[in-house]
Amino acid sequence: MDPKTMRHLTQRIENLSPAKRALLEAKLRAKAPFAPERILPREHRATAPLSFNQESLWFLEQLNPNTSTYNLYDAKRLSGELHLEAVQRALDTIVARHESLRTTFREAEGAPQQFIAGAQAVKLHFLDLTSQGEAEALRLLRTEAERPFDLAHGPLVRFTLVKLHEQEHVLLALFHHIISDGWSVGVFWQEFAQAYQRLTRGPAAQTLELPQLPLQFGDYAVWLRERQAQEFGPQLAYWKTQLAGAPALLELPTDRPRPALQSFRGAQQIVYFPTQLRDELKAFSQCEGVTLFMTLLAAFNALLTRYTGQEDLVVGSPLAGRTHTETEALIGFFVNTLVLRTDVTGDPTFRELLQRVRDTALNAYSHQDTPFEKLVAELRPERSLSYNPIFQTAFALQNETISDLKISGLTLSPVKLGSVTAKFDLFLSLCEVPEGLRATVEYSTDLFDATTIERLLQHYQTLLQGIVTDPAQRLSALPLLSAAEQQQLLLEWNDTATDYPGEISIQQLFEAQVVRTPNAIAVVAGELQLSFGELNRRANQVAHYLRQQNITPDTPIALFTDRTLLMVIGMLGILKAGGAYLPLDPGYPKSRLQFMLEDAHAPVLLTQQRLLSAVPKTTAHVVCLDRDWNAIAMQPEDNPVPVTTSESLAYVIYTSGSTGQPKGTAIPQRAVNRLVFNTNYVRLDATDCIAQVSNVSFDAATFELWGALLHGAKLVLIQKDIALSPVEFVAQLRRHKVTTMFVTTALFNALSREVPDAFSTLKTVMFGGEACDPNCVRDVLKNGAPQRLLHVYGPTESTTFASWHLIETVPEGATTIPIGRPLSNTTLYVLDRHLNPVPIGVHGELYVGGTGLAREYWRREELTAEKFVGGRWSVVGGRFVAECVPAQQ
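The structure presented is a predicted model; accordingly, all values stated were derived computationally and were not measured.

*Asks:* I keep staring at unusual backbone geometry and nothing clicks. Help me out?
*Replies:* Glycine aside, negative phi is the norm for most residues, and most peptide bonds take the trans geometry. Geometrically, the link from Gly-154 to Pro-155 is a cis peptide bond, its omega value of -10° lying close to zero. Considering the arrangement of structural elements, one finds Pro-155 in the loop between helix H5 (134-145) and strand E6 (157-165). Residues other than glycine seldom take positive phi values, yet Arg-859 does so here, at roughly 60°. Relative to the helices and strands, Arg-859 is located in the loop between strand E33 (856-857) and helix H26 (861-867).

In structure tokens, the structure reads:
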């Protein structure tokens, strides 16, 4: 068949109603296990078996009775002169005409059965609310829409008519889903319009007689059951193969954790995509030889893989289930669900994905007769009360079925009650309308906020526009973010530049502070202390001594000391000598210490005599700062001539190795300056007193030491045994009048439990390093909070902190505390595996950039090239992302 003919046939198929399209596909299925056969009226009219989907719903109701989850309702505003008697008689006519509207469900002989009552007058609830206003009317209708049904006693359809004004009424039609579906609601309103028109003797009365129904829903249920034994086997075999190994859950990013038990509470959002986009999508679909449904589904899959990172996607799609023309005019629960599993591996182009979706859809259509409930029973997926089996996200393209309702003298218009149940996590339904494409998302409010769904619809529209612009793009290259979102995510939220002394070395900044406050106390360790002048002189002597060892800039010098004055002297002396300090924790295993010494190629190791036995075997020249101090003290006390700049290394700290071999992170001096000067998370000055609590091999010590020494503040060294004794620790903080402190999350939690008001005397408390317990944070805020409580975060590669969050309240039910926004001169980007920025709320990997970034992994050129990435995508205004590194190593 030539392409032109194919496009013509595709267009004709596209214009068919869903039922006629399904019928055509069923007739054309050469490989189908069976073809539709005629449905005959059943012999016993008072009862009928349940269809498979009815049976499933019935069992769910037995497990969770008295729920409105499966209430199906629609309300119409009737504007004009309304004849109440005609409304009553029209409803009587419709209920008498459809057995399903007179059906109840009870057990008989150990199995549920449909019981059909005879025709009788319908109870129409009438409320005159002309004096109460429309808002009250809608509230009452919402309440009615959420009132449960009793399947055993019925009726399972209710009608409420509310009078708002003389010429204004609202009619609510409420069905239990077990006797109706969305198509059936359309059938109801069409028949209501026809019956009402005839009863009020309109001009077209003679042509509006309702034709006799050839079948009832019970006949369909009997026919379906009779086919079960011999005909479902081949189709079930297909589905078992098709869904083998499918993921149990689509992990959409949610605003809240998934509850253990679904509440089915939901909401709805509607947007309209413009006519031009709709027409371009239809034209593209014709050119590709696919239906509009396939194109829109492929785009939805592209969105899902960008949102989740998953490449094996399972989506449900409802079908009218009316493959026989005789069923089109019936009210009943016919709808079936197709399971559409799509492979999106390999980052295909959209055209390639579209062909995969086309093949998936055609195969699913050719096996669509298997009831979904039967499929679930056969596959026996792992069941959970927190999510639906097989799929949790659904997609549909529907026809506008009741847009042409007309009644002489009345205008019918929809009324939104705002009360929605959500049977899935998310259900995207599209419909062609005069305005273009109407996109409706029904979503679980247990999981999502309205703003999240609004963004999702915007991203879907952006994706669709990108597809018609260039369908040859790979999925990772398709646009997702609007220009405004890019501006916000990449520029506005990362506009953190401030002036700081980025051209001056750490030792020069310290020496300038010594000139300002030579006699002020710089560091305290127990009963010992040093002034800034004394600390500077001793560090100078260490520096001159080290220069005799031929130390060159960027040479790592190991520092293996207790938390004493010698530690601070040694660290500052190493920098003044021109080296970079390599802090080693005496508590580390000897094997780890030896690895770091060998990997860093440290030519000199500074230690204390009491730690000599713990020093691993090394070729480094060992200097004992206490034993050898007499020789060191012979050196000059004046400042050495600088041989380093702010671009020179300040230190090399090794990562924990939790994700592999430890790596030496090489931090330049300017990165330390960026941490403590003119920053947005803390303000430090000479009036501060900072507690040094952190392990010196943990980069939080960088903030503690240099935050104090470069601002003329007092640094108080807290010994480990005191830090682990909450009462003693708090006593030390108050004795020294500590104003500023960082603690690990574990220590924060311990202090909050043991001494609830531990932080009440402090100006700034920062904590971080691991997941925190919101309850502990809430207790601190309640029992004695510091002036500022900050949750901080940062990998070793970002020089201590990359982000901060000021905590003022902790919402009830919070399961985590945000890590906040970037520090000054820091950028934070959340990117996918293709280094595309992800939308707000979507999971990705955090990339950190800015002047606080490490220079490299020490002596690991290949790893540095892999992890430290440059700008690979441009953003608004032609700017590129600064060099950045993944935050999780």
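*Asks:* Got a minute to help me understand the sheet that holds strand E4 (residues 111-116) in this structure?
*Replies:* Pairing between the strands of a sheet comes from backbone hydrogen bonds, and it takes one of two forms, parallel or antiparallel. Ordered by their spatial adjacency, 3 strands build an open sheet running E1-E4-E3, and the pairing between neighbours is antiparallel. Looking at the sheet topology across the chains shown, the edges are occupied by strand E1 (47-48) and strand E3 (103-108). Of the pairings in the sheet, the one linking E1 to E4 comprises 2 bridges and is antiparallel in character. Looking at the pairing, Ala-48 lines up with Gln-114 of E4.

*Asks:* Any chance you could explain the pairing of strand E10 (residues 336-343) here in plain terms?
*Replies:* Looking along a regular strand, one sees the side chains alternate between the two faces of the sheet. E10 sits mainly inside the fold: 7 of its 8 residues count as buried. Alignment of strand E9 (residues 312-319) against E10, held across 8 bridges, turns out to be antiparallel. What sits directly across from Ser-317, in E10, is Leu-338.

*Asks:* Even after reading the chapter, I still don't get the nonpolar core, so can you show me in this structure?
*Replies:* Side chains of nonpolar character tend, in soluble globular proteins, to be buried together. Core analysis: the largest hydrophobic core is formed by 125 residues, its most contacted members being Phe-192 and Tyr-460. Counting residues per element, this core draws most heavily on helix H10 (residues 292-308), which supplies 12 residues. The contact partners of Phe-192, leaving out residues within four places of it in the chain, are Val-87, Ala-90, Leu-91, Ile-94, Leu-171 and Ile-407. With 73 residues, the next largest nonpolar core counts Leu-530, Val-568, Trp-629 and Leu-684 among its residues.

*Asks:* Would you take a moment to explain the packing of aromatic side chains for this structure?
*Replies:* What describes a pair of aromatic rings is the distance from one ring centre to the other and the angle between the planes of the rings. Within this structure, the stated rule accounts for 32 aromatic pairs. When the centroid spacing of 5.6 Å and the interplanar angle of 45° are considered together, the rings of Phe-217 and Tyr-220 count as tilted. Taken together, the residues Phe-217 and Tyr-220, both in helix H7 (residues 217-231) and 3 residues apart, mark about one turn of the helix. Both residues of the pair, Phe-217 and Tyr-220, belong to the buried class. On the basis of an interplanar angle of 50° and a centroid distance of 4.7 Å, the ring pair of Tyr-220 and Phe-334 is categorised as tilted.

*Asks:* Teacher, can you tell me more about the side chain of Gln-54 here?
*Replies:* Along the chain, Gln-54 turns up in helix H3 (residues 52-63). Taking relative accessible area as the criterion, Gln-54 reaches 1% and is therefore assigned buried. Setting aside chain neighbours within four positions, we find Gln-54 in contact with Pro-49, Phe-105, Gln-114, Ile-178, Phe-217 and Phe-333.

*Asks:* So what exactly am I meant to see when it comes to the packing of helix H23 (residues 726-735) against helix H24 (residues 745-754) here?
*Replies:* Remark: H23 packs on H24, axes separated minimally by 10 Å, with the N-to-C direction vectors making an angle of 95°. On the basis of their axis angle, the class for H23 and H24 is roughly perpendicular. Counted together, Pro-726, Phe-729 and Val-730 of H23 and Leu-747, Ala-750, Leu-751 and Glu-754 of H24 form the full contact between these two elements.

*Asks:* When you look at the sheet that holds strand E5 (residues 124-128) in this model, what are you seeing that I'm missing?
*Replies:* Read from one edge to the other, the open sheet built from 5 strands follows the order E5-E6-E7-E2-E12, with strand pairing classed as mixed. Strands with a single pairing partner mark the edges of an open sheet, and in this sheet they are E5 and strand E12 (410-415). Across the sheet, the axes of successive neighbouring strands diverge by a mean angle of 20°, strand direction being ignored. Against the sheet, H5 makes contact with strand E2 (71-80), E6, strand E7 (168-176) and E12, and its axis sits at roughly 175° relative to E6, the strand it touches most.

*Asks:* Explanation requested: the environment of Leu-572 in the structure shown.
*Replies:* The residue Leu-572 is located in helix H17 (residues 565-577) in this model. When the C-alpha atoms of Leu-572 and Asn-540 are compared, they prove to be 8.2 Å apart, with 32 residues separating the residues in sequence. Once you skip the residues sitting within four places of it in the chain, Leu-572 turns out to touch Phe-510, Leu-535, Ala-539 and Trp-706.

Basis of the calculations
- Residues numbered from 1 in each chain as written.
- Predicted model: local features only at pLDDT ≥ 70, side-chain atom pairs only at ≥ 80, totals over all residues.
- Heavy atoms only, no water.
- Helix = DSSP H or I, 4+ residues; strand = E, 2+ residues; numbered from the N terminus.
- Pairing = 2+ DSSP bridges.
- Buried < 20%, exposed > 50% of the residue type's maximum accessible area, 1.4 Å probe, protein only.
- Core = buried A, V, L, I, M, F, W, Y, C linked by side-chain atoms within 4.5 Å.
- Contact = heavy atoms within 4.5 Å.
- Phe/Tyr/Trp six-rings, centres within 6.5 Å; stacked < 30°, edge-to-face > 60°.
- Axes fitted to C-alpha atoms, helices over the stretch in contact; angles between N-to-C directions.
- Parallel < 35°, antiparallel > 145°, perpendicular 65-115°, else oblique.

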